Amino acid sequence: MDKFKIVTPCHFGVESVLKREITDLGYDIVQVEDGRVTFEGDALAVCRANVFLRTAERVMIQVGRVKATTYDQLFEAVKALDWQKFIPVDGKFWVKKAGTVKSKLFSPSDIQRIVKKAIVEKLKMEYHESWFAEDGAEYPIRVFFYKDEAIIALDTSGESLHKRGYRKNTSKAPISETLAAALMLTPWNKDRILVDPFCGCGTFPIEAAMIAANIAPGMNREFTAENWTNFIDKKLWYKAVNEAYDIMNEDVDTDIQGYDIDPEMVEFARKNAQLAGVDHLIHFQARPVSKLSHSKKYGFIITNPPYGERLEEKKALVPLYTEIGKRYKALDSWSAFIITSYEDAEKDMGIKATKNRKIYNGMIKTYFYQFMGPKPPKKGKVNEK
C-alpha cells in the first residue's frame, strides 16, 4: 500500500501533544513545525488519524512541497506534481484555502487561481480531456506558503476535526474541542478528580470523559475522504471505526464535575454530554466559583474562565480571579490548569504558576497557567511523616 506524508495542523503550542498522539497510533514523525505535525502513513493511517486524533484540526495528504517566488514558478511546480494519483477524471477539485506568511506571493486569491489552473492543465494531459465535468467526489485542496515554500495538500477531513458532532448547544465564546483536548498536556488521568468551575457548554468535562472512556473523537462523524474510492478503500474507514468501538470502555469509574453560574449553560452542557454519550460520567451543577470545594485530595481544576474583551469587563475580572485563587488554595493538594487570555491571572489569584506557556486559540493569544500540586502516593505505600 502506498505511503503518504500526512499533514496535521493544530493549535500553536500543542504540537508536542499531537506528536505524542501520532506516535501512540504507531506512526513515524517526519517533521514538527509551528502549528503542524507531519507523519508518514498509508491509506489506513489517513482513516485512523481522522477517527482517533484529538488535538489535530484536520488530516491532509501532502501532494507536494514547492518553492516559488513568482506565479509562473508556482504554476509549473504545481503542474509537475502527480495529481492523477489523487484526483480521478470526474473529481470535483478546488483550492479551499490558501495561506501565505513571509512570502513574495502574498495574494491568497491569486494563489488559489493559479494552483487550480495548474492542476487542470496537468489532468488534461493525463486524462486526454479538454474539459472536466467535476461531478464526482469532492477533493478540496489547501495551500500553505511560508518563506516562499508551499505545502500543497488534499484535505481528507472536510469540516474541522474540532467539530466532533456533540456540541449543538454553545455559549458565547466556547473553547474549541481540539484545544480542550489539550488537557492531555496535564498529568490528569481517569483515576483523578477533575472539576471545571466555568464549564459553559461542557467542552472540558466532555473531552475528559471521552478520554477516560477511550471514546475516539471522530467515530460518530463523517469525513470528505470517505467518498474517495480511487485510492482509499471504503473498508478502511469501517476498520478504523470498528477499532474505535473495540477499545471503548463506557463503564469506567470517573469523578468529573462541571459547574457554571448560569443554569442555562449547565442544561446546554448536559445535552451536549448526552450527544457525546458521556452524560453518565459527568456531574453538572449550577454553582458559582465561590462554592468550589471538594473533600478529597489530589484533584484537578481544568478550566477556561472568563477573560474579558472590553475594558469594563476586565475590571470585573480582578475579584473573579481573586476568588479562583482563594478557592484553589482551600483545596487539599490539588493542581490547577487554567487557559485564559487574561494576563494578570497569576497576580489576581495570588499564586505563582509552576509553568506558563502560550497557546493560540485561533488568533487569540492565551496563557496556559499550570499550578502543580503534589503527586498522590503510589498505591500500596503509606506517606511517611
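Before reading on, note that the structure itself is shown above.
Residues numbered from 1 in each chain as written. Predicted model: local features only at pLDDT ≥ 70, side-chain atom pairs only at ≥ 80, totals over all residues. Heavy atoms only, no water.

Caption draft 1: Expanded view of the overall build of the protein. What the protein contains, in helices and strands, is 11 helices and 14 strands. Its C-alpha atoms give the protein a radius of gyration of 23 Å, within 12% of the compact-globule value 21 Å for 385 residues. Projecting the C-alpha coordinates of the protein onto the three principal axes gives extents of approximately 80 × 45 × 40 Å. Across the protein, the fraction of contacts at a sequence separation of at least 24, relative to all contacts at a separation of at least 6, is 77%. (Helix = DSSP H or I, 4+ residues; strand = E, 2+ residues; numbered from the N terminus. Rg over C-alpha atoms; globule rule 2.2 N^0.38 Å. Contact = heavy atoms within 4.5 Å.)

Caption draft 2: Here's a closer look at the pairing of strand S9 (residues 256–260). Within S9, 5 of the 5 residues are buried, leaving the element largely enclosed by the surrounding structure. Side chains Ile256, Gly258 and Asp260 of S9 all project onto a buried face; the interleaved residues Gln257 and Tyr259 project onto the opposite face, where all are buried too. Across 3 bridges, strand S8 (residues 194–196) lies against S9 in parallel orientation. Opposite Asp196, over in S9, you have Gly258 as the bridge partner. Inspection of the sheet shows S9 paired to strand S10 (residues 282–286) by 5 bridges, in the parallel sense. Within S10, the position partnered with Gly258 by the bridge is Phe284. At this point the chain moves from S9, through helix H8 (residues 263–276), to the parallel S10, and the crossover so formed is right-handed. (Buried < 20%, exposed > 50% of the residue type's maximum accessible area, 1.4 Å probe, protein only. Pairing = 2+ DSSP bridges. Right-handed = clockwise from strand over helix to strand, strands pointing away.)

Caption draft 3: Spotlight on empty space enclosed by the protein. The final tally for this structure, using the stated rule, is 1 cavity of 30 Å³ or more. In this structure, the largest cavity encloses a volume near 30 Å³. Lining the largest cavity, in full, are Asn50, Leu53, Leu161, Arg164, Pro217, Gly218, Arg221 and Phe223. (1 Å grid on protein atoms, 1.4 Å probe; cavity = no way out; pocket = protein on both sides within 12 Å on 5 of 7 lines; lining within 4 Å. Points joined across faces, edges and corners; volume = space filled by probe spheres on them.)

Caption draft 4: Representation of helix H1 (residues 15–24). Buried within H1 we find Glu15, Val17, Leu18, Glu21 and Ile22. Angular distribution of buried residues about the axis of H1 spans 160°; they occupy a single face of the element. Buried residues along H1 sit against strand S1 (4–9), strand S2 (28–33), strand S3 (36–41) and helix H2 (43–52). Two residues or fewer past H1, Gly26 is found with a positive phi of approximately 100°. (Arc of directions from axis to C-beta.)

Caption draft 5: Geometry of the packing of aromatic side chains. Scanning the model with the defined rule gives 13 aromatic pairs in all. Plain terms: the ring middles of Phe4 and Phe86 are 6.2 Å apart, the flat faces sit at 50° to each other, and that makes the pair tilted. Pair noted here: Phe4 is in strand S1 and Phe86 is in the loop between helix H3 (71–79) and strand S5 (92–101), with a separation of 82 residues, a long-range link. Of the two residues, Phe4 and Phe86, both sit in the buried class. Through a chain of ring-to-ring contacts, the aromatic side chains of Phe4, Phe86, Tyr139, Trp228 and Phe231 assemble into a single cluster. Sitting over the face of the ring of Trp94, Lys92 holds its NZ or CZ atom 5.7 Å from the ring centroid. The ring of Tyr259 has Arg287 sitting right over it, with the charged end atom 4.3 Å from the ring centre. (Phe/Tyr/Trp six-rings, centres within 6.5 Å; stacked < 30°, edge-to-face > 60°. Lys NZ or Arg CZ within 6 Å of the ring centre and 35° of its normal.)

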